[in-house]
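Per-entry structural report
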Amino acid sequence: MDMSLVNWPAVLVAALSGFAVGGIWYAPPLFGNAWMADSKLTAEEIQKGNKAKIFGFTALFSLIMAANLAIFLAEAKTDVTWGATAGFLAGIWTFGAIAIHSLFELKSWRYIFINGGYSVVSLTLMGAIIGLWR
């Protein structure tokens, strides 16, 4: 690992890509309605949420995820293919953690696949961005 190979603008863009994927993934036409139903939340309850807290911490955690992935990919051999592969593998790892927590919370398999799928897709994209933008 060579920290001089971490491209911080790429990390920032990769972190922002998590917002883009999340905005599409959790939109009502895709998985939003199913996620709300399985979370036992209504649109009104979600609207009452503290947006600054939710989006602020989401930005922070997306940045941490992207930076962590970039540090693991800080090798001269990293390219878009290896970046996407590493992101996918990290997504599988987090999918497993989401599944474990969700099973103990008595959540449905649909809920697990919605949240775990988001993790796999967003981390794969993050890895591709980091690998491409060397």
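Numbering of residues starts from 1 in each chain and follows the order in which that chain's sequence is written. The predicted origin of the model limits local features to residues at a pLDDT of at least 70 and limits the giving and counting of side-chain atom pairs to 80 or more, whereas totals for whole chains, interfaces and linings rest on all residues. As a rule here, side-chain values come from all non-hydrogen atoms in the structure, and water together with hydrogens is ignored.

Side-chain rings of Phe, Tyr and Trp, where Trp is taken by its six-membered ring, are said to pair if the distance between their centres is within 6.5 Å; with planes under 30 degrees apart they count as stacked, over 60 as edge-to-face, and otherwise as tilted. This model, assessed by the stated rule, comprises seven aromatic pairs. Between tyrosine 26 and tyrosine 118 the ring centres are 5.5 Å apart and the planes differ by 55°, which places this aromatic pair in the tilted class. Of this pair, tyrosine 26 sits in the loop between α1 (8-25) and α2 (28-39) while tyrosine 118 is found in helix α6 (residues 109-132), placing the two residues 92 residues apart along the sequence. Between phenylalanine 57 and phenylalanine 61, the ring centres sit 6.0 Å apart and the planes meet at 25°, which makes this aromatic pair stacked. In this pair, phenylalanine 57 and phenylalanine 61 are both assigned in helix α4 (residues 51-72), four residues apart and thus about one turn of the helix distant. Residue phenylalanine 57 is classed as partly exposed on the basis of its relative accessible area of 45%. Classification of phenylalanine 61 as partly exposed rests on a relative accessible area of 47%. Among the aromatic residues, those joined into a cluster by ring pairs are Tyr26, Trp35 and Tyr118. Secondary structure elements are taken from DSSP: a helix is a run of H or I of four residues or more, a strand is a run of E of two residues or more, and numbering for both begins at the N terminus. Summary of the burial criterion: residues with accessible area below 20% of their type's maximum are buried, those above 50% are exposed, and those between are partly exposed, where the area comes from a 1.4 Å probe applied to protein chains only.

We now examine the nonpolar core. Formed by 16 residues in total, the largest nonpolar core has its most connected members in Val11, Ala14, Ala66, Leu69, Met126 and Ile130. Put simply, the parts of the chain that give this core at least two residues each are α1, α4, α5 (80-104) and α6. If you look at the next biggest cluster of nonpolar residues, it comprises five residues, including Val21, Trp25, Ile114 and Tyr118. Each nonpolar core is a collection of buried residues, namely Ala, Val, Leu, Ile, Met, Phe, Trp, Tyr and Cys, held together in the definition by side-chain atoms within 4.5 Å.

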